[in-house]
Amino acid sequence: MKMGKKVTIGVCVMEKKVKCGSEAFSGPMLQILERLQAFGEFEIVHFGDKVILEEPIERWPVCDCLIAFYSSGYPLEKAEAYAALRKPFLVNELGQQHLLHDRREVYERLEMFGIPVPRYALVNREFPNQELDYFVEEEDFIEVHGNKFWKPFVEKPVHGDDHGIMIYYPSSAGGGMKELFRKVGNRSSEFHQEVRRVRREGSYIYEEFMPTGGTDVKVYTVGPEYAHAEARKSPVVDGVVMRNLDGKEVRYPVLLTPMEKEISREICIAFQQAVCGFDLLRSEGRSYVCDVNGWSFVKNSYKYYDDAACVLRKMFLDAKAPHLSSTIPPILPWKVNEPVQPSEGLTRQGSGIIGTFGQSEELRCVIAIIRHGDRTPKQKVKLKVTEEKLLNLMLKYNGGKPRAETKLKSAVQLQDLLDATRILVPRIRPGRESDSEAEDIEHAEKLRQVKAVLEEGGHFSGIYRKVQLKPLKWVKVAKSNGEGEDEKPVEALMILKYGGVLTHAGRNQAEELGRYFRNNMYPGEGTGLLRLHSTYRHDLKIYSSDEGRVQMSAAAFAKGLLDLEGQLTPILVSLVSKDSSMLDGLENASSEMEEAKARLNEIITSGIKSVNSNPEKPWMVDGAGVHPNASELLPELVKLTKKVTEQVRLLAKDESEELAEASSTGVILPYDQAKALGKTNIDVDRIAAGLPCGSEGFLLMFARWRKLQRDLYNERKERFDITQIPDVYDSCKYDLLHNAHLNLEGLDELFKVAQLLADGVIPNEYGINPKQKLKIGSKIARRLLGKILIDLRNTREEAISVAELKSAQDINPSVPIGGREEIDQRFKSQSKMELAGKGSFTSEKSMDQEDDEDKETKYRLDPKYANVKTPERHVRTRLYFTSESHIHSLMNVLRYCNLDESLQGEDSLVCDSALERLCKTKELDYMSQIVLRLFENTEVALEDPKRFRIEMTFSRGADLSPLEGNDSEAASFHQEHTLPIMGPERLQEVGSCLTLEMMEKMIRQFAMPAEDFPPPSIPQGFSGYFSKSAAVLERLVNLWPFNKH
């Protein structure tokens, strides 16, 4: 090639790909071509649609380098023939572009090159609805060639151009399907509650659903050495596309990990496409590729256009004019008169409610432990069964083991049980004259109750009901082959647990509290959190216990917090992680709790007035809060409970007579739990018809009250059971709020008495005095406390890394603020060393726990490309949704930790005035929460313990009695059935400064040590990244056309 001759670049693509509608100069392609032209070394030739579609290839312009890629209507074979004829340098090879139309081939190719993909399976059909012997579909999973995929899983058509992707959700999360599609207006997906079965029209890929925290990452390569990544809200969350003022989808540049950069390199090589877009899923600390799109450019990023032009220039020159220098000029030729991009402002605000510590303080971390929202009363039915049908069912689901117990949770199992019970329940109530035994009547009643519970809800959802069958008696029977004997169960105990479902009011409360947090817990007046979150400077993780009501509360809260729309099921599956070991269960404190209940029983039933030996600190006595006349209130409680139960019995009697008539004539439509789950408002029709709120019929309402009446007082032994007091209180409160329209007489008196008693019982069940409360609390909340300390330490270490990097840059401005990558690398190496000399503690993070943090998927804003004023501002939020026991336990450790022998002489973390208020706060009601916020004072030296301050607040939750409140409030309770949530209260004196160092010192011995947290599990089928053989590597090298670099 002669000196001075320009390198020609042929642009052989459909015109719609170069121009963007009428704004001919806004397309990324034009932006980049203009920059290339500005270098003065290239001549650009546009082929145009007419030439491409109508002219023979011999008449196409000749060029040195060719940009050619497929889009709809493009003659790919013709372009291939042209490339074979003229042999230009190809940016993207043409032959490989055929692969991109078939997802099967894409996955096969990715696997061949050792690039991680989600676990998947293929279902190929020759014609629609073809029956395949290797494909099985059950309610909560499918099986392909013996490979099981449990819901949630993803279903993708094999054709790359078909964007109808579906996600199927498990019945335990409410079931249903979400359809993803190309953006239409502001929607990118639609949720279909009623669809449970997969499609059978064509061939599909099924793959595991990867929990990514509601974020997708799109990566754009320009050659194997350059990749730019952007994150956006995933369509699986609520399907609402976030758009900016220009109507463009909001995306933010994020940093790729070294591993992901390696993946980008390999994709370029595997598909021989230098300019290539692909989708990454980041899940549990690993990254997977789920789609490769071929030629695509980033939209609206000048910095990217500059980079892409420079990379392409080097590529073209190296290929066709190696004698020219490809060094980049100091000022890029097009920079001379570039429009300045506007940058968005971000407001700041001092700290929280303990008085402001000045503008120099930044919020670094928000940790909240939150109780679930309003629920229906929890119920349990126990009955001994001897019926053959039920015993066989037990054997069917426990693998035929005569002594093993069985748990029935799935819809199929519960349906089986319902069918059996329907056959066994006598159709008409046995009249008293049939002289049948009282026990038989009770047995029939209980079976009828089981049937009613199973029929409630229209379809089963594992969140709400579970049945245990435990064998009690066996007989020996001869084996079928006559050799020896087998055991066969003849009696079993059936335990059915139901109720405890989040009500419409509970959903409203959780969503409302999420909104409150969004507007009040973060700096930046209202929009602060959404702005931080959408720019990936907010690291959010939500954990929940295993209970359905807790999971749904967490999902509804997330909906309010992040301003999402639509159904809770997809939000739950995308954003909430279950961690039952941390947020469920009391096993390890049960003996101490039994002890406390026994002592409490003595105090209440003996009628001894507790002598307050410590009038200064009333909370220090045994049984603080127990009503002085408790023993006289008990008979009153029993009398009023009987009165209410009798009224409900009459209502149930009428209902069962109507049901008996109806069942002989026709079908009653069951109440549909799934539809109810989607509701945040009341079923007005049921209430107008004089039926109980929600899904409870009078029969079940009567069963609930009858059981309370029986268990509260044993008439034969003349004995009260005080552990029933909280349940009576719970039922009263529920009926006053949700069933006031039934006008049950005496219910409000019963509520007042039950409340007086419950206020003494509930707090003392977790320990009869502060020392016992501390002991029980530290056992129940040990793991949660350990996790909270890990959250706080990690936040501090990260903040220190940012500060050190910043001060290094202030001293020597030539230190590039490479932003997060360096910080993350420093943060890692630093956590692995002991952080001696930082305050008084050394970070003893074990490697395991290091990994545990890594397992939490992170998305970090890339400061070089981000149009944000404070890219280093970063807030960590950790939300833990749990039940009453964990809130009480955590609160007891926080307020009484100084009573431990080793901390003698230290003040409590909670000030005296707050201790007194807590002593008067009898109930930590629905949506009660404890919030810890960590602030960093950037004007204080790094070593100074005062640099990191913790602010603790708590809220009693929806702690208003349904009888309280002025008339307007009362009216709204009755209309909405929802009690308001109390605002946060301080746990420290105004102006006091609780340092993180002090907090750690006080809590450390009650918390599980970091090294005891289990290492993250490696996902199934994952063999590690470095499993590539030498042969694969060799193949990689030989395939790539410009391997001379």
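Note: the structure precedes this text.
Residues numbered from 1 in each chain as written. Predicted model: local features only at pLDDT ≥ 70, side-chain atom pairs only at ≥ 80, totals over all residues. Heavy atoms only, no water.

Peer 1: When you look at the side chain of Thr 995 in this model, what are you seeing that I'm missing?
Peer 2: Relative to the helices and strands, Thr 995 resides in strand β32 (residues 994-995). In terms of polar contacts, Thr 995 uses its side chain to reach the backbone amide nitrogen of Met 998, at 3.1 Å. (Helix = DSSP H or I, 4+ residues; strand = E, 2+ residues; numbered from the N terminus. Polar contact = N/O pair within 3.5 Å; in protein donor to acceptor, adjacent residues only side chain to side chain.)

Peer 1: What is the right way to read the pairing of strand β20 (residues 378-385) from this model?
Peer 2: Note on strand geometry: in a regular strand, side chains alternate between the two faces of the sheet. Burial along β20 is one-sided: the face carrying Gln 379, Val 381, Leu 383 and Val 385 is buried and the face carrying Lys 378, Lys 380, Lys 382 and Lys 384 is not. One ladder, built from eight bridges, connects β20 with strand β23 (residues 485-499); its direction is antiparallel. Following the sheet pairing, Val 381 is matched in β23 by Leu 496. (Buried < 20%, exposed > 50% of the residue type's maximum accessible area, 1.4 Å probe, protein only. Pairing = 2+ DSSP bridges.)

Peer 1: Any chance you could explain the nonpolar core here in plain terms?
Peer 2: A general trend in soluble globular proteins is that nonpolar side chains are found buried together. Counting residues in each nonpolar core, the largest one holds 49 residues, and the members touching the most others are Leu 909, Met 952 and Met 999. Discounting chain neighbours no more than four positions away, the residues touching Met 952 are Leu 894, Leu 909, Val 910, Val 931, Leu 932, Glu 985, Arg 986, Leu 987, Gln 988, Leu 994 and Met 999. If you look at the next biggest cluster of nonpolar residues, it comprises 45 residues, including Val 237, Ala 556, Ala 558 and Leu 575. (Core = buried A, V, L, I, M, F, W, Y, C linked by side-chain atoms within 4.5 Å. Contact = heavy atoms within 4.5 Å.)

Peer 1: Any chance you could explain the pattern of salt bridges here in plain terms?
Peer 2: Charged atoms that come close allow side chains of opposite charge to pair. Evaluated as defined, the whole model comprises 65 salt bridges. Notably, a salt bridge pairs Arg 949 with Glu 361, separated by 3.0 Å at the nearest N-O pair. Taken together, the positions of Arg 949 in strand β30 (residues 948-955) and Glu 361 in strand β19 (residues 361-371) put the pair 588 residues apart, joining distant regions of the chain. In this structure, Asp 925 engages Lys 733 in a salt bridge whose closest nitrogen and oxygen atoms are separated by 2.4 Å. (Salt bridge = Lys/Arg side-chain N within 4 Å of Asp/Glu carboxyl O.)

Peer 1: I keep staring at the sheet that holds strand β4 (residues 89-90) and nothing clicks. Help me out?
Peer 2: By definition, the strands of a sheet pair up through backbone hydrogen bonds, in either a parallel or an antiparallel sense. Ordered by their spatial adjacency, four strands build an open sheet running β2-β1-β3-β4, and the pairing between neighbours is parallel. Strands with a single pairing partner mark the edges of an open sheet, and in this sheet they are β2 (42-46) and β4. Contacts between helix α1 (residues 28-38) and the sheet are confined to β1 (7-11), β2 and β3 (65-67), with β2 contributing the most and set at about 145° to the helix. (Axes fitted to C-alpha atoms, helices over the stretch in contact; angles between N-to-C directions.)

Peer 1: Before we go on, may I ask you to explain the side chain of Ser 955 in this structure?
Peer 2: Positionally, Ser 955 belongs in strand β30. Of the polar contacts made by the side chain of Ser 955, one reaches the backbone oxygen of Met 982; its length is 2.7 Å. Once residues lying within four places of it in the same chain are set aside, the contact partners of Ser 955 are Leu 924, Ser 928, Gln 929, Ile 981, Met 982, Gly 983 and Pro 984.

Peer 1: When you look at the packing of aromatic side chains in this model, what are you seeing that I'm missing?
Peer 2: The description of an aromatic ring pair uses the distance of the two centres, along with the angle that the planes make with each other. In this structure the tally under the stated criterion is 23 aromatic pairs. Ring plane angle 90° and centroid distance 5.9 Å describe the contact between Phe 47 and Tyr 82, whose orientation is recorded as edge-to-face. Note that Phe 47 is positioned in the loop between β2 and α2 (49-54) and Tyr 82 in helix α3 (residues 76-86), a separation of 35 residues in sequence. Under the relative-accessibility criterion, Phe 47 is labelled buried at 5%. Tyr 82 gets classed as buried once you look at its relative accessible area, which sits at 0%. Grouped by ring-pair contacts, the aromatic residues Phe 69, Tyr 226, Trp 295, Phe 297, Tyr 302, Tyr 304 and Tyr 305 constitute a single cluster. Against the face of Phe 149 rests Arg 119, its NZ or CZ located 4.2 Å from the ring centre. (Phe/Tyr/Trp six-rings, centres within 6.5 Å; stacked < 30°, edge-to-face > 60°. Lys NZ or Arg CZ within 6 Å of the ring centre and 35° of its normal.)

The quantities given are spatial measurements derived from coordinates; they are silent on function.
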